[in-house]
Amino acid sequence: MSSPSARRRQRSTRLTVAVALLTISAATVVAAVVSGSLPMVTVAAVLAVVLGGAATKITHSELLTSRRDAARDRAAQARAYKLIEAERVAENQAFARAMTERINARQQMVDDLQEELASSQRRVAEQTLKMSAEARRADQAEQHLAVATEQVDAAEERAAEAIVRVAELEQEIDVLKAELDAWTAMVEAERRQHA
């Protein structure tokens, strides 16, 4: 913004002429009064009125010109402010659009991340279900293995008992064969004795 002294206008030539006219009329009146001559005072008075009127007219026209110039300056300044305001509005709109785009982009990123998170959670849930199913199958397999191991142990125990029983039966058979052989030999011997 310009300083007040730079904005001050120079005194125009017309105002200088008006001041000079008033000074001349004042000097003429003073000279006429000092001279004491009535016709001279009358001429000085008429001259003073005419010069005063001319000075007033010059001052009035200068005032009108000054007001027109000021109005023209204010209109130019208003146009400049209007352009500045239009630029500011355009910048604000561009900023608002840019921020809206950034917000929309961030919101899209958030939506994408939420979708990806939901997808990951679904995959984790599926994997957890699969792991639970596998764990159940493993538990069932372990239970079947335990049952099978018990059955194998029981079968081995029965086989061992059967082997022991077979050995006992073989011994009994050997004893019975020996008794049978002994009885047969005794019956043969008795038959030979009776015969």
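Residues numbered from 1 in each chain as written. Predicted model: local features only at pLDDT ≥ 70, side-chain atom pairs only at ≥ 80, totals over all residues. Heavy atoms only, no water.

Enquirer: What is the right way to look at the pattern of salt bridges in this model?
Expert: Side-chain pairs of opposite charge can arise where the charged atoms are in close proximity. As enumerated under the stated definition, the model contains five salt bridges in all. The shortest N-O distance in the salt bridge between Arg-14 and Glu-62 comes to 3.2 Å. Pair noted here: Arg-14 is in helix α2 (residues 13-35) and Glu-62 is in helix α3 (residues 38-194), with a separation of 48 residues, a long-range link. Measuring nitrogen to oxygen at the nearest pair gives 2.3 Å for the salt bridge that ties Arg-88 to Glu-85. Note that Arg-88 and Glu-85 are positioned in helix α3 at a spacing of three residues, about one turn of the helix. On the basis of relative accessible area, Glu-85 is assigned to the partly exposed category, the value being 35%. (Salt bridge = Lys/Arg side-chain N within 4 Å of Asp/Glu carboxyl O. Helix = DSSP H or I, 4+ residues; strand = E, 2+ residues; numbered from the N terminus. Buried < 20%, exposed > 50% of the residue type's maximum accessible area, 1.4 Å probe, protein only.)

Enquirer: What should I look at first to understand the side chain of Ser-25 in this one?
Expert: When you line up the elements, Ser-25 lands in helix α2. On the basis of relative accessibility, which here comes to 6%, the residue Ser-25 falls in the buried class. At 2.9 Å, the side chain of Ser-25 and the backbone oxygen of Leu-22 are in polar contact. If near-sequence neighbours (up to four positions away) are discounted, Ser-25 is found in contact with Ala-48 and Leu-51. (Polar contact = N/O pair within 3.5 Å; in protein donor to acceptor, adjacent residues only side chain to side chain. Contact = heavy atoms within 4.5 Å.)

Enquirer: Honestly, the packing of α2 against α3 in this entry has me stumped. Any pointers?
Expert: The geometry of a pair of packed helices is captured by two quantities: the angle between their axes and the separation between those axes. Running from amino to carboxyl end, α2 crosses α3 at an angle of 165°, the nearest separation of the two axes being 8 Å. With respect to α3, the axis of α2 lies roughly antiparallel. The element α2 and its partner α3 pack so that their crossing is left-handed. A class-by-class count of the residues in the contact of α2 with α3 yields 19 nonpolar, seven polar and two charged. (Axes fitted to C-alpha atoms, helices over the stretch in contact; angles between N-to-C directions. Parallel < 35°, antiparallel > 145°, perpendicular 65-115°, else oblique. Left-handed = near helix turned anticlockwise from the far one by under 90°. Nonpolar A, V, L, I, M, F, W, Y, C, P; charged D, E, K, R; others polar.)

Enquirer: Honestly, the confidence of the model for the protein chain in this entry has me stumped. Any pointers?
Expert: Low-pLDDT portions of the prediction should not be read for the details of their coordinates. When the pLDDT values of the protein chain are averaged, the result is 87; 94% of them are 70 or greater. Looking across the protein chain, the model is least confident in helix α1 (residues 4-7), with a mean pLDDT of 47, and most confident in α3, with 90. When the criterion is pLDDT under 50, residues 1-7 qualifies, and its contacts beyond four places in sequence or with other chains add up to one contact. (pLDDT = per-residue confidence, 0-100.)

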